[in-house]
Amino acid sequence: MSERGCGVLEQYELEVFKTWRTRGAFLCETSQGLKLLKEWTGSDRRIQLEYGVLSSLAEIGLQVDCCIQNREGGLICVDEDQTRYVLRNWYEGRECSTRETTEILAAAKLLARLHQALRRLDTEHILEQKEEEFLQRQREWEQKSALEAAQIAEVTEIEKGEPDRKKELETAGTETEDVFCQERVETLAEMLVRHNRELKRTRSFVKSRRKKTDFELVVIGGFEKFYRQAEEAAALAAAFPVLPESWWCHGEYSHHHVLLGDGVCAVTDFSRLRRGIQVSDLYYFTRKILEKHRWNPKLGCRLLDIYTAVQPLTGEEWRYLYILFLYPEKYWKQMNYYVNSNKAWIPARNVDKLRVLENQFEARAVFLEELRERAGA
């Protein structure tokens, strides 16, 4: 991101006191508080959706990195290099520490509050109202822009000899992508069956190799116990009578996306915002934490207790959560990495990761047993 990108800040109704670089973005100290300026590579429709959801969450009372409208009411600003930017609310806080139990529990409680608020968007039809309000403002701005654009000399130049650019301008703002009506998503049962086929093919390939690497020797030694869990999870998913209801999900909730500080408890990076089963967020967050704590069953249960005290789970959601945890996803990921890598040389860290999975197998089994009782599986 270039320093010149900061020039788009002039398009906002705020005064900028100071800017400094952070990872892939600029932090800005402004008259309206701390902001984050970052390039936007997504579609116009996607940013409209994100704004509708996050601004609604902010009105409900959650601290989120919602994007800000510019002077014209738009969400995207373009600099002289035609690079697109969005400006977001940001917060004075630090990333949630995985070493501090109090912070981990706070993040779990925050996830439950987030899920509650996301459900309200559906039950109270908040998002539909927000969408209509935004589209009305956009229509008014487009009408105003169309009148001004008719007087620009560039139109004459385009008509003379730039048909491609003319077509681009004519189709600008008429995207047909609809993030509300996405294509059919692979079900959990279908995904697990596919993953299991990949595991079996990889194991067969490893067994056929005469001179085996350290990674392949570890695979041969521990494959069966992981694959038994994979098969059980796939069977449970296939026999699932009724899937839990779909709501809005963060999509990738982890400690990296939680900011904590004095009066700050914020959720950031909704780039994977989607419709789905919310316990997928709970699974992803809890798995990431437990992997760093050697699958401590007491900590795992505390995280689930903190979450369910705010957002109780239905029987279907408990069973779905159990299937997600039962499947050895991290093991499959290591095998998948092996398949797509140079098999003559596997980095030592990947061998170590596989051995860690072996060493934590029993501790993970203890947590799974506790979760099985809760799920009634």
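Residues numbered from 1 in each chain as written. Predicted model: local features only at pLDDT ≥ 70, side-chain atom pairs only at ≥ 80, totals over all residues. Heavy atoms only, no water.

Caption draft 1: Quick look at the packing of aromatic side chains. Scanning the model with the defined rule gives 12 aromatic pairs in all. Ring geometry for Phe 215 against Tyr 338: centres 5.3 Å apart, planes inclined by 10°, an arrangement best described as stacked. Taken together, the residues Phe 215 in helix H7 (residues 214-238) and Tyr 338 in helix H11 (residues 329-339) connect sequence positions 123 residues apart. Arranged with centres 5.9 Å apart and planes meeting at 50°, the rings of Trp 295 and Phe 367 form a pair that is tilted. Taken as a pair, Trp 295 in the loop between helix H8 (279-292) and helix H9 (297-310) and Phe 367 in helix H13 (residues 361-375) lie far apart in primary sequence, 72 residues in all. Cation over ring: Lys 18 sits above Trp 20, and NZ or CZ is 5.1 Å from the ring centre. Here the guanidinium or amino end of Arg 364 rests over the ring plane of Trp 295, the centre of that ring lying 5.8 Å away. (Phe/Tyr/Trp six-rings, centres within 6.5 Å; stacked < 30°, edge-to-face > 60°. Helix = DSSP H or I, 4+ residues; strand = E, 2+ residues; numbered from the N terminus. Lys NZ or Arg CZ within 6 Å of the ring centre and 35° of its normal.)

Caption draft 2: Region of interest: the sheet that holds strand S3 (residues 33-39). One open sheet holds the five strands; their spatial order is S1-S2-S3-S6-S5, and the pairing between them is antiparallel. Whereas interior strands pair on both sides, the edge strands pair on one side only; in this sheet they are strand S1 (16-22) and strand S5 (77-78). In this sheet, S3 lies alongside strand S2 (residues 25-30) in antiparallel orientation, the contact comprising five bridges. Paired with Glu 29 across the strands is Leu 34, a residue of S3. (Pairing = 2+ DSSP bridges.)

Caption draft 3: Seen up close, the environment of Ile 126. With respect to the helices, strands and loops of the structure, Ile 126 is situated in helix H3 (residues 126-149). Among residues more than four places away in sequence, those in contact with Ile 126 are Ser 56, Ile 60, Arg 120 and Leu 121. (Contact = heavy atoms within 4.5 Å.)

Caption draft 4: Geometry of helix H1 (residues 44-60). For H1, spanning 17 residues, the distance from its first C-alpha to its last is 24 Å, which sits close to the expected 24 Å at 1.5 Å a residue. Phi turns positive, to about 125°, at Gly 61, one or two residues after H1. (Expected span 1.5 Å × (residues − 1).)

Caption draft 5: Spotlight on the environment of Glu 329. Mapping Glu 329 onto the fold places it in helix H11. Expressed as a C-alpha distance, the spacing of Glu 329 and Leu 192, which sit 137 residues apart in the sequence, is 9.5 Å. The contacts of Glu 329, once residues within four sequence positions are left out, are Tyr 283 and Arg 287.

Caption draft 6: Quick peek at the sheet that holds strand S4 (residues 63-64). Strand order in the open sheet made by the four strands is S4-S10-S9-S7, with mixed pairing throughout. Of all strands in the sheet, those bounded by a partner on one side alone are S4 and strand S7 (94-95). Along the sheet, helix H2 (residues 101-123) makes contact with S7, strand S9 (258-261) and strand S10 (264-267), crossing S10 at roughly 55°. (Axes fitted to C-alpha atoms, helices over the stretch in contact; angles between N-to-C directions.)

Caption draft 7: Seen up close, the environment of Thr 30. You can see Thr 30 is positioned in strand S2. Placed 12 residues apart in sequence, Thr 30 and Lys 18 show a C-alpha to C-alpha distance of 7.2 Å. Setting aside its immediate chain neighbours within four residues, Thr 30 contacts Leu 14, Glu 15, Val 16, Phe 17 and Lys 35. Within the local environment of Thr 30, its side chain forms a polar contact with the backbone oxygen of Gly 33, the two atoms lying 2.6 Å apart. (Polar contact = N/O pair within 3.5 Å; in protein donor to acceptor, adjacent residues only side chain to side chain.)

Caption draft 8: Inspection of the side chain of Asp 281 at higher detail. Positionally, Asp 281 belongs in helix H8. Although buried, Asp 281 forms no salt bridge, and the nearest oppositely charged side chain, Arg 274, lies 5.0 Å from it. At 2.9 Å, the side chain of Asp 281 and the side chain of His 115 are in polar contact. Contact partners of Asp 281, with chain neighbours within four places excluded, come to Leu 111, His 115, Cys 249, His 250, Gly 251, Glu 252 and Tyr 253. (Buried < 20%, exposed > 50% of the residue type's maximum accessible area, 1.4 Å probe, protein only. Lys, Arg positive; Asp, Glu negative; His and termini not counted. Salt bridge = Lys/Arg side-chain N within 4 Å of Asp/Glu carboxyl O.)

Caption draft 9: Molecular detail of the pattern of salt bridges. For the structure on display, the rule yields 22 salt bridges. In this structure, Glu 224 and Arg 203 form a salt bridge, with 2.7 Å as the shortest nitrogen-oxygen distance. On the criterion of sequence distance, the pair formed by Glu 224 in helix H7 and Arg 203 in helix H6 (residues 188-208) is long-range, its members being 21 residues apart. By relative accessible area, which is 42% here, Glu 224 ends up partly exposed. Residue classification places Arg 203 among the buried positions, given a relative accessible area of 19%. The residue Lys 225 makes a salt bridge to Glu 358 at a minimum N-O spacing of 3.1 Å. Of this pair, Lys 225 sits in helix H7 while Glu 358 sits in helix H12 (residues 348-359), placing them 133 residues apart in sequence.

Caption draft 10: Inspection of the nonpolar core at higher detail. In terms of nonpolar packing, the biggest core is built from 86 residues, with Val 53, Leu 57, Leu 114, Leu 199, Tyr 253, Leu 321 and Tyr 331 touching the most fellow members. Ranked by residues supplied to this core, first place goes to H2 with 11 residues. Not counting the four nearest positions on each side in its chain, Leu 57 is found in contact with Leu 62, Val 64, Leu 114, Ala 117, Leu 118 and Phe 270. One finds Phe 26, Cys 28, Cys 77 and Leu 87 within the second-largest nonpolar core, a separate group that totals 12 residues. (Core = buried A, V, L, I, M, F, W, Y, C linked by side-chain atoms within 4.5 Å.)

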